[in-house]
Amino acid sequence: MKNIKVAIVGVGNCASSLVQGIEYYKDVSGDDPLIPGLMHNVIGGYKISNIKFVAAFDVDSKKVGKDLSNAIFSEPNCTTKFSDVKKWDVTVQKAPVLDGVGDTTRDKFTVDEKQKPVGIADELKSSGAKVLINYLPVGSEEATKFHAKECLKVGVAFINAIPVFIASNPEWSRKFAEKKIPIIGDDIKSQVGATIVHRTLTRLFVDRGVKLDHTYQLNVGGNTDFLNMLERTRLKSKKISKTQSVQSQLPTQLPAEDIHIGPSDYVPWLDDKKLCFIRMEGRKFGDVPLNIELRLDVEDSPNSAGVMVDAIRCAKLALDRGVGGALTSPSSYFMKSPPIQYADSVCREMVEEFIKGERER
């Protein structure tokens, strides 16, 4: 089986967990027990060890010029180190800044104007990359669209891990479909994170006949993602993505005043730890109140790394099959804001059918 050549834009905590995970599980085969966080150890013949990083891009001078294996541990990255990483012989190159750095993170992301951006499309082509992962900071709308266009130029699949609406936008999906280039997006779901837990509880209320009246989800953390989202204009798309993901599980959407979902604050000493607080107020038989209070404590970035491993392999399967445009099934299971929302149990079955070739997209 050929390798899957992967490029990354945004060498932050999520990239760090993904790269560490590829090294950590490099010897896993299909005969081994299922790896935590994966659908299958092998998808369409591709093992974790088939994922090879061939290009990486960032704007932070503390990472640009370093080998990917070193850059993932450079400040301000703060996620848990769970694996030593071999030298990849992949130098992190300077990407165009565009809107990738917000006002609240300018002291964390040091941009050296003497470092000139490379041509992304040229680098993708010369590296042989087949998949580009977008790990840019939340709110990087201009930069995300720029990198999506670069993928269209050279036929590279695009996995959009942040809440800029590309795969879920019919116009963008059409552009990728016309060139038979797959896209998976938007805004990655974690393995067991705030959104998937909130969605599951919401679906439980619906399935058990409980009327949900009010709910909130408040999140705090200490990584640069939370610092970035202190700038409320950059937070807007994140709130939309997380809210519509939960609302999609209800037969009738809650009024805006009865649902509040989104990051709440930045607590530096938490580093990559994320604390989530969910409250749900509903009514059961006889309109008798039923309330749930939940606290979730997770290391944020490793929580989505396994999901990305599956997404990469599904994107490569689509490339192998000549299928372009938004991949509805993988997007619905792996992402918060896919083109079409389904119940998560339905999403998983759809992905299984996609992997087997029983469903085109």
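Given the structure is predicted, the values throughout are model-derived calculations rather than measurements. (Residues numbered from 1 in each chain as written. Predicted model: local features only at pLDDT ≥ 70, side-chain atom pairs only at ≥ 80, totals over all residues. Heavy atoms only, no water.)

## Details of the sheet that holds strand E10 (residues 289-299)
- Pairing in this open sheet of four strands is mixed, and the strands run E8-E7-E9-E10 from one edge to the other. Both edges of this open sheet fall to strand E8 (259-266) and E10, since each of them pairs with a single strand only. Pairwise comparison of adjacent strand axes, ignoring direction, gives a mean angle of 10° for this sheet.
- Sheet topology places strand E9 (residues 273-283) next to E10; 11 bridges connect them, and they run antiparallel. Across the sheet, the residue bridging to Arg283 is Pro289, located in E10.
- Sitting on the sheet, helix H6 (residues 194-207) touches strand E7 (211-221), E8, E9 and E10, and the angle it makes with E9 is about 15°. (Pairing = 2+ DSSP bridges. Helix = DSSP H or I, 4+ residues; strand = E, 2+ residues; numbered from the N terminus. Axes fitted to C-alpha atoms, helices over the stretch in contact; angles between N-to-C directions. Contact = heavy atoms within 4.5 Å.)

## Comments concerning the sheet that holds strand E5 (residues 157-160)
- Spatial strand order, E3-E2-E1-E4-E5-E6-E11: seven strands in an open sheet with parallel pairing. Each of the sheet's edge strands pairs with one partner strand only, and the pair in question is strand E3 (92-94) and strand E11 (325-326).
- Where strand E2 (residues 51-58) meets E3, three bridges bridge the pair, whose relative direction is parallel. In the sheet register, Asp58 faces E3, and the bridge partner there is Lys94.
- Contacts between helix H1 (residues 13-24) and the sheet are confined to strand E1 (4-9), E2 and strand E4 (131-134), with E2 contributing the most and set at about 160° to the helix.
- On the sheet, helix H3 (residues 120-127) packs against E1, E2, E3 and E4 and is oriented at approximately 160° with respect to E2.

## Here we look at the nonpolar core
- Of all hydrophobic cores here, the largest spans 49 residues; its most connected members are Leu18, Phe53, Leu68, Ile159, Met308 and Ile312.
- Tallying contributions element by element places helix H9 (residues 302-321) first for this core, with nine residues.
- With sequence-adjacent residues up to four places away left out, Ile159 is seen in contact with Val131, Leu132, Ile133, Asn134, Ile184, Met308, Ala311, Ile312, Ala315 and Met335.
- Membership of the second largest hydrophobic core comes to 28 residues, among which are Leu136, Ala143, Leu152 and Phe158. (Core = buried A, V, L, I, M, F, W, Y, C linked by side-chain atoms within 4.5 Å. Buried < 20%, exposed > 50% of the residue type's maximum accessible area, 1.4 Å probe, protein only.)

## Considering the packing of helix H4 (residues 141-154) against helix H5 (residues 170-178)
- Where H4 meets H5, the axes come as close as 10 Å, and the angle between the chain directions of the two elements is 20°. Classified by the angle their axes make, H4 and H5 are roughly parallel. Relative to H5, H4 is oriented so that their crossing is left-handed. Here H4 contributes Lys145, Ala148, Lys149, Cys151 and Leu152 to the contact with H5, which in turn contributes Trp172, Lys175 and Phe176.
- Here the contact of H4 with H5 is composed, by residue class, of five nonpolar, no polar and three charged. (Parallel < 35°, antiparallel > 145°, perpendicular 65-115°, else oblique. Left-handed = near helix turned anticlockwise from the far one by under 90°. Nonpolar A, V, L, I, M, F, W, Y, C, P; charged D, E, K, R; others polar.)

## Observations regarding the pattern of salt bridges
- Evaluated as defined, the whole model comprises 24 salt bridges.
- Arg283 serves as the salt-bridge partner of Asp287, at 3.0 Å between the closest nitrogen and oxygen.
- Judged by relative accessible area, Asp287 falls into the exposed class, the value being 52%.
- As a salt-bridge pair, Glu353 and Arg359 come within 3.1 Å of each other at their nearest N and O atoms.
- Given the relative accessible area of 27%, Glu353 is considered partly exposed. (Salt bridge = Lys/Arg side-chain N within 4 Å of Asp/Glu carboxyl O.)

## Considering the state of the cysteines
- With the rule as written, the count across this model stands at zero disulfides.
- Cys276 forms no disulfide, and the closest cysteine sulfur to it belongs to Cys14, at a distance of 16 Å.
- Left without a disulfide partner, Cys347 is nearest to the cysteine sulfur of Cys314, which lies 13 Å away. (Disulfide = S-S within 2.5 Å.)

## So, H3
- Of the positions making up H3, those classed as buried are Ile120, Ala121, Leu124 and Ser127. Along the axis of H3, the buried residues cluster in a sector spanning 140°; they form a single face. Seen from the open side of H3, the exposed residues pointing more than 90 degrees away from its buried face are Asp122, Lys125 and Ser126.
- In this fold, the buried residues of H3 make contact with E1, E2, E4 and H4.
- One or two positions beyond H3, positive phi appears at Gly128, with a value near 80°. (Arc of directions from axis to C-beta.)

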